[in-house]
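# Analysis of the macromolecular model
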Amino acid sequence: MAFNIYDFTSFTQSIDQALYEWLPPFWALLVEMTIIGLVFLLFYAIVGLFLVYAERKVCAFMQNRVGPNRVGPYGVFQTIADFIKLLMKELVYIKNSDKLLFNIAPFIVIIASFMAIAAIPFAKGLHAIDFDIGIMYVIAVTSLGVIGVLLAGWSSNNKYSLIGAMRSGAQIISYELSVGLSLLTIIVLAGTMQFSQVVEMQSTGWFIFKGHIPAFIAFVIFLIASTAETNRGPFDLAEAESELTAGFHTEYSGIKFAFFFLAEYMNMFIVASIAATVFLGGWMPFHIYGWEGFNHVMDFIPPLVWYFGKTAFVIWLMMWFKWTFPRLRIDQLLTLEWKYLLPINLVNILIMAFIVLMGWHF
Amino acid sequence: MNSFTKYFTDIFWGFRSLLIGMSVTGRYFFSPGQIVTQQYPENRKKLKMFERFKGDLIMPHDEHNQHRCTGCGICETNCPNGSIEVISDRIELPDGKKKRIIDKHIYHLSMCTFCSLCVKTCPSEALDWDQTFEHAVFDRTKLTKILNKPGSSIIKDIE
Amino acid sequence: MKEIINLPVQSIEEEEYHINMGPQHPSTHGVLRLVVTLQGEIVKKLQPHCGYIHRGIEKMCEKDTYQQIIHLTDRMDYLSAHINNHAVCLLVEGALEVEVPERVKYIRTILDELNRIASHQLWWSSFGMDLGGLTCFFYGLRDREHILDIFEESFGSRLLHSYYTPGGLMRDVHPNFQKRVKDFLKYNRKKIKDYDRILSGNVIFLERSKGVGVLSKELAINYGVTGPSGRGSGWACDIRKKHPYAMYDKVEFREVLRHEGDTYSRYMVRIDEMRESMNIIEQLIDNIPEGDFSAKMKPIIRLPEGEYYQCVESARGELGIYCISDGNKNPVRMKFRTPSFVNLGVLDKISREMKIADLVAIGASLDLVIPDIDR
């Protein structure tokens, strides 16, 4: 079993082969699925906890504060302590709420984000499943989360929750378009929807450089639209703390609230990793054409570091947005989408198609 | 045509204003030297309150365990919310005169609004402010304090 | 009794519903309860219910001496405590016809303006927070801390000062006072630019505030909306100009006026007022005359029999005190015309047909302090 931090293909394949040799195919598949599920669950917990900590530190530094610094060195165990607190809290029962939907909603939200992570390539040969239409699949799956949000708002029997849920519905349905279209711009350039090939094609240069102006515009639009899709500030209208107290999860407590909370951060991670994969070259190192020595040094950095570095950069950008801008109003939110982002996006695809046709990209 | 150019200038100025805003937060993010948070319980030793800080009412005693309070009760009448009770006593001096001395100067910290009227109006300047500020206790009876120390007496020349 | 508690519920049209904003709600900044009738997200009617933090300050004044009343006025509009104290002091001094020393006037004016800046900074913080920009909150509080330090050094309290007494001050200011104030002015002039960069120029903020909650000049006058909220509608209602007290007739300053009457103009009036306040302080801080910090006053103050009124410009508008005295050491009746209470009255008028998000912005732009409403 060859373990290579630059190429995981042989590693994953050897595990696969070993399982199929030991067990009948059905059981091998089952065991494989269980292993992958457990690995992702663990990954989920770690990333979620880390992101909450990172957000609190980032916003603290932007606000001239220190941030969490009591639990462990530099407060690194703060989120674990918070998580334990949330686990032990009472699950408040809401009078006249739709009990089934109320209980199911957090799971829908978290399952939607859980499904999306399966298609993301972390490094060469390190992804759970490599669809032919990976980008399409991710777009489809991430938009499922809004059902959970809508159900949560509806079933809580709270007017604030309902307003939040309705806002969230209008918001995600609109911004879904921009996310899809901005990714489509890159699909036009790449000619494929398969994540592994999208990354492979960027070995000669990231798409944001290859597709220059339209790719950059698409990247900016994707950042804006995906921030809106993950319900983060300045688009956090579904929560809108100062208007709707906590929006759709006003009535949730304890671990159910933790699910919503975790799903928000995981959605942010997924969106950031899509941005990193599609625009910033995924796990591909940074290369400058002609600088052989420089490129060689860049190749030496393992792909996982590249991947997580780029994702962290995009996440940091999104946190920067949230902690700088005031919140939009619901009609302005829709104006931004339908009057600005969508037309620009459509023109942008045309330009991209023209550039690809004329071969003006790098 | 006018609305067409306006569309794009709007986008340009909008983005510009957003980037200006981001430059402010970004600058603070990269300059951790500007953090203003005080690490409170850790800096307890270094933490020095301003000398005029109104933390707690005290009655200063000198090295002979003597204070300046005559027990006249002006602070009690001036206190707007009854947080001071002066219980005075009368003793007979050797020359036969009767003199009022203080028995207990009771101060309810829990009722005090720190308006400083007692300190200002005291004719013999017997009261002062202390700079302690950690007033949390588990039992509220501890917030009722007797300001004159046991066995203390008044400084001679104060009438 | 039951009728008083259960205020009549407003009639409700089809597709409308009530929602309770408050008494516990993040954007009411206290225990104000607004019963809002909504249609979708659009505010149709709004009924404020006050009294959740009523402490009976006016009644308590009737048993207190005039020196004691001062510490009660701190607790009305706790963000401009000095200015509230100033009103009582001016009332008593005016009734007794006491001439306070020049030094006292200078110091009072400087402290009033510092207090106004501090109040506006906290307003700016919470305004940003209400619109969803949480970082503003910390920037505003960070800068306000410097003013509170000046206060703490001179008289030992940060929020509720009770520093003015009828006739003068509790004690003289700290020797460091002048240097600290000058340092603060230098610091704040730098930081106020950040305010503009992060919020005032931001396109999202402009969209949220321009044309939102338009208060016309007629409406402002009819409802008696004073202070920065009234001046945002173009009504020149600054007591410092109209009925000058302390040093305000001797310093040069501009009465900030804007004519649009929307949330943005109310916002800009306050931002500009911070600059004007700094100008006022700059004119005074270098030439504080030496002298007594208090005029000679009797230990027990008895106002001559009669009725008195004194108004000052607090950070929120006109603070008026109406006092009836029968010659005793306690007033017979004290009535406070608090600006927040009067400004709250217009909230229903200007927030109709607006979105619920606008209601939050309008409420924040009126700068309501709830203990000031309920007293």
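Overview of the structure.

### Focus: the overall build of chain C
Counting its regular elements, chain C contains 16 helices and eight strands. Taken against the 2.2 N^0.38 rule, which gives 21 Å for 375 residues, the C-alpha radius of gyration of chain C at 21 Å falls within 12% of a compact globule. Dimensions along the principal axes, computed over C-alpha positions, put chain C at roughly 65 × 55 × 35 Å. The buried share among the 375 residues of chain C stands at 63%. The long-range share in chain C, meaning contacts at least 24 apart out of those at least 6 apart in sequence, stands at 70%.

### Section: the overall build of chain A
Along its length, chain A carries 15 helices and zero strands. For chain A, the C-alpha radius of gyration of 21 Å lies close to 21 Å, the compact-globule estimate for 362 residues. If one aligns the C-alpha atoms of chain A with their principal axes, the spans along those axes are about 65 × 55 × 45 Å. Residues counted as buried form 53% of the 362 residues belonging to chain A. Of all intrachain contacts in chain A linking residues separated by at least 6 positions in sequence, the fraction that spans at least 24 positions is 77%. Summed over its atoms, the accessible surface of chain A is roughly 15,900 Å², and 75% of this surface lies on carbon and sulfur atoms.

### Here we look at the sheet that holds strand E2 (residues 33-39) of chain C
The sheet built from three strands is open, its strands ordered E1-E2-E3 (chain C) with antiparallel pairing. The open sheet is flanked by strand E1 (17-21) and strand E3 (42-49) of chain C, the only strands paired with a single partner. The average angle at which neighbouring strand axes cross in this sheet is 25°, direction not considered. Contacting E1 and E2 of chain C, helix H7 (residues 159-190) of chain A runs over the sheet at an angle of about 105° to E1 of chain C. With respect to the sheet, helix H15 (residues 356-366) of chain C is in contact with E1, E2 and E3 of chain C, its orientation differing from that of E3 of chain C by roughly 40°.

### A short note on the environment of Gln67 of chain C
Along the chain, the position of Gln67 of chain C falls in helix H3 (residues 66-73). Along the primary structure Gln67 of chain C and His18 of chain C are separated by 49 residues, whereas in three dimensions their C-alpha atoms are 46 Å apart. The residues touching Gln67 of chain C, leaving out its near neighbours within four places in the chain, are Leu117 of chain B together with Pro166, Lys298, Pro299 and Ile301 of chain C.

### A few points about the interface of chain A and chain C
Contact residues are listed per partner, giving 24 residues for chain A and 33 residues for chain C. Roughly 2,500 Å² of surface becomes buried between chain A and chain C when both sides are summed, with 58% attributable to carbon and sulfur atoms. Looking only at chain A, the three residues that lose the most surface to chain C are Ser242, Pro326 and Arg329 of chain A, adding up to 23% of its buried area. Joining chain A to chain C, the criterion identifies two salt bridges. Measuring nitrogen to oxygen at the nearest pair gives 2.7 Å for the salt bridge that ties Arg329 of chain A to Asp358 of chain C. Summed over the shared surface of chain A and chain C, the result is ten residue pairs in polar contact (both at pLDDT 80 or more). Grouping the constituent residues of the side of chain A that touches chain C by class yields ten nonpolar, six polar and eight charged.

### Regarding unusual backbone geometry
Residue and element names in this part refer to chain A. Non-glycine residue Asn64 carries a positive phi angle of around 60°. Here Asn64 is to be found in the loop between helix H2 (25-62) and helix H3 (78-88). A positive phi angle is found at Tyr74, which is not glycine, with a value near 55°. Within the secondary structure, Tyr74 sits in the loop between H2 and H3. Among the residues examined, Tyr74 registers a relative accessible area of 66% and is labelled exposed.

### Quick look at the packing of helix H10 (residues 212-229) of chain A against helix H12 (residues 254-278) of chain A
All names here are of chain A. Orientation of H10 relative to H12, taken along the N-to-C sense of each, is 170°, at an axis distance of 11 Å. By the angle class used here, H10 and H12 are roughly antiparallel. Facing Phe219, Phe222 and Ser226 of H10, the residues of H12 in contact are Val271, Ile274 and Ala275. Here the residues of the contact of H10 with H12 sort into five nonpolar, one polar and no charged.

Thresholds applied
- Residues numbered from 1 in each chain as written.
- Chains lettered and ligands numbered in written order.
- Predicted model: local features only at pLDDT ≥ 70, side-chain atom pairs only at ≥ 80, totals over all residues.
- Heavy atoms only, no water.
- Helix = DSSP H or I, 4+ residues; strand = E, 2+ residues; numbered from the N terminus.
- Rg over C-alpha atoms; globule rule 2.2 N^0.38 Å.
- Buried < 20%, exposed > 50% of the residue type's maximum accessible area, 1.4 Å probe, protein only.
- Contact = heavy atoms within 4.5 Å.
- Areas by Shrake-Rupley, 256 points an atom, 1.4 Å probe, with all protein chains shown as cover.
- Pairing = 2+ DSSP bridges.
- Axes fitted to C-alpha atoms, helices over the stretch in contact; angles between N-to-C directions.
- Buried area = accessible area lost by both parts, 1.4 Å probe.
- Salt bridge = Lys/Arg side-chain N within 4 Å of Asp/Glu carboxyl O.
- Polar contact = N/O pair within 3.5 Å; in protein donor to acceptor, adjacent residues only side chain to side chain.
- Nonpolar A, V, L, I, M, F, W, Y, C, P; charged D, E, K, R; others polar.
- Parallel < 35°, antiparallel > 145°, perpendicular 65-115°, else oblique.

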